[in-house]
Amino acid sequence: MTQASVVDLHCHSTASDGALAPAAVVERAAGNGVRVLALTDHDTVAGLASARAAARAHGIVLVDGLELSVRWGGHTLHIVGLRVDPEADVLREVLARQLAAREDRAERIAAKLRRAGVEAPLEGARREAGEGAIGRVHFARHLVACGVVDSLQAAFRRYLRRGQRAHVACRWVSLEEGVAAIRAAGGQAVLAHPTKYGFTRTLLRRACEAFHGAGGEAIEVITGGGGPGDVDAARTRAEQYGLLASVGSDFHDPERRWNDLGRLRPLPSSLTPVWQSWPAGCHPEVVS
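Residues numbered from 1 in each chain as written. Predicted model: local features only at pLDDT ≥ 70, side-chain atom pairs only at ≥ 80, totals over all residues. Heavy atoms only, no water.

Applying the stated criterion to the full structure yields two aromatic pairs. Relative to Phe-199, the ring of Trp-72 has its centre 6.1 Å away and its plane inclined at 50 degrees; by these criteria the two rings are tilted. With Trp-72 in strand β4 (residues 61–72) and Phe-199 in the loop between β7 (188–191) and α8 (201–213), the pair connects residues that are 127 residues apart, well separated along the chain. Neither residue differs from the other here; Trp-72 and Phe-199 are each classed as buried. Look at Tyr-197 and Phe-199: their rings are 5.4 Å apart centre to centre, the planes differ by 25 degrees, and that puts the pair in the stacked class. The buried category is assigned to Tyr-197, whose relative accessible area is 18%. Through successive ring pairs, a cluster of aromatic residues spans Trp-72, Tyr-197 and Phe-199. (Phe/Tyr/Trp six-rings, centres within 6.5 Å; stacked < 30°, edge-to-face > 60°. Helix = DSSP H or I, 4+ residues; strand = E, 2+ residues; numbered from the N terminus. Buried < 20%, exposed > 50% of the residue type's maximum accessible area, 1.4 Å probe, protein only.)

And the structure:
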């Protein structure tokens, strides 16, 4: 059973693949009792300025963040960066490369969808993305809007998931490059939702080992929709590699109630929170 949490360090807005604008995400978080929020859109910091203004209006602390997709051993991992400097040159360079990779993937997905008989897939996905970074979910929304499938889940299952007709691997930056960019921008690198990659226990252990070896500092122990087994698995890796512990709903859409903002289990008391050394002004135990 989840409970209201004053801290939520992983969520998304329309700057990437979320359903709400950055200011609306902040408003919802504040309404749910969140006092410290990190906006962590995929491979972009475009929503932070709007979110920061909304956070001031609602009296909550905004932590500048993002979520980088990275390559590791033929797999994609997601690395949350917390308390980054969004203006840092090294981060901007990496984000420019990520944007180019997204555009390349979008064009290749669109070509496959056209061959499958889908009309105007790239134009439709761009329309769904608006000003946000284009991702697979925007193609999924276009497929639903066109009546090709009746749900986002069906779009991924039939077209966009690995092994399906429109799946395309993306040329992300490497794990080492991603972690280094976050750290060079003054941030902390957090391995996001470790139990949601579909890894075996051995592969998850190897991923955590590689992340730690690359300079990663923390792991999400509490995630939206996660159960006791997920918490235990993440806690084990945190303890094994001496990683700090983070919490985040991975909020995208109000309709996905299991990932709502601030609805999170408490961290196990044996772990050190990622915010333990943060300044008092953004420390959850001070502002709560």
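This next bit is on a positive patch on the surface. The grouping of Arg-157, Arg-158, Arg-161 and Arg-165 at the surface amounts to a positive patch. Relative to the helices and strands, Arg-165 is located in the loop between α6 (152–160) and β6 (173–174). (Patch = residues over 30% accessible without salt bridge, like charges linked within 9 Å, V, L, I, M, F, W, Y side chains within 5 Å. Areas by Shrake-Rupley, 256 points an atom, 1.4 Å probe, with all protein chains shown as cover. Salt bridge = Lys/Arg side-chain N within 4 Å of Asp/Glu carboxyl O. Lys, Arg positive; Asp, Glu negative; His and termini not counted. Charge placed at Lys NZ, Arg CZ, Asp CG, Glu CD.)

Taken as a whole, helix α4 (residues 121–129) has its buried residues at Pro-121, Leu-122, Gly-124, Ala-125 and Ala-129. Buried residues along α4 cover an arc of 160 degrees about the axis, so they all sit on one side. The secondary structure elements touched by the buried residues of α4 are α3 (89–115) and α5 (136–145). Of the residues trailing α4, Gly-130 is marked for its positive phi of about 60 degrees. (Arc of directions from axis to C-beta. Contact = heavy atoms within 4.5 Å.)

Okay, the pattern of salt bridges next. Per the counting criterion, the structure on display carries eleven salt bridges. Its salt-bridge partner being Asp-260, residue Arg-28 comes within 3.0 Å of it at the nearest N-O pair. Here Asp-260 lies in the loop between β9 (244–248) and β10 (263–264) and Arg-28 lies in helix α1 (residues 22–31), a separation of 232 residues in the sequence. Classification of Arg-28 by relative accessible area gives partly exposed; the value is 25%. Judged by relative accessible area, Asp-260 falls into the buried class, the value being 10%. Arg-171 is the partner of Asp-104 in a salt bridge, and the nearest nitrogen-oxygen pair spans 2.4 Å. On the criterion of sequence distance, the pair formed by Asp-104 in helix α3 and Arg-171 in the loop between α6 and β6 is long-range, its members being 67 residues apart. Taken together, the shared-partner salt bridges connect Glu-93, Arg-97 and Glu-177 into one network.

Below, the discussion takes up the nonpolar core. Counting 70 residues, the largest nonpolar core has Leu-9, Leu-37, Leu-77, Ile-79, Leu-82, Val-221 and Trp-278 as its most contacted members. If you tally residues by element for this core, the top one is β4, at seven residues. Apart from residues lying up to four places away in sequence, Leu-37 is in contact with Asp-8, Cys-11, Val-25, Val-26, Ala-29, Ile-60, Val-61, Leu-62, Val-63 and Leu-261. If you look at the next biggest cluster of nonpolar residues, it comprises 20 residues, including Ala-106, Ala-110, Ile-134 and Val-149. (Core = buried A, V, L, I, M, F, W, Y, C linked by side-chain atoms within 4.5 Å.)

Right, let's get into the environment of Ala-19. Here Ala-19 lies in the loop between β2 (7–8) and α1. The class for Ala-19 is partly exposed, based on a relative accessible area of 36%. Considered as a pair, Ala-19 and Glu-220 are 201 residues apart in the sequence and their alpha carbons are 23 Å apart. The residues touching Ala-19, leaving out its near neighbours within four places in the chain, are Thr-14, Arg-141, His-252, Asp-253 and Pro-254.

This part takes up the packing of α3 against α5. Running from amino to carboxyl end, α3 crosses α5 at an angle of 30 degrees, the nearest separation of the two axes being 10 Å. Considered as vectors, α3 and α5 are oriented roughly parallel to each other. Handedness of the crossing formed by α3 with α5: right-handed. Contacts from Arg-105, Ala-106, Ile-109, Ala-110 and Leu-113 in α3 reach Arg-136, Phe-139 and Leu-143 in α5. Grouping the constituent residues of the contact of α3 with α5 by class yields six nonpolar, no polar and two charged. (Axes fitted to C-alpha atoms, helices over the stretch in contact; angles between N-to-C directions. Parallel < 35°, antiparallel > 145°, perpendicular 65-115°, else oblique. Left-handed = near helix turned anticlockwise from the far one by under 90°. Nonpolar A, V, L, I, M, F, W, Y, C, P; charged D, E, K, R; others polar.)

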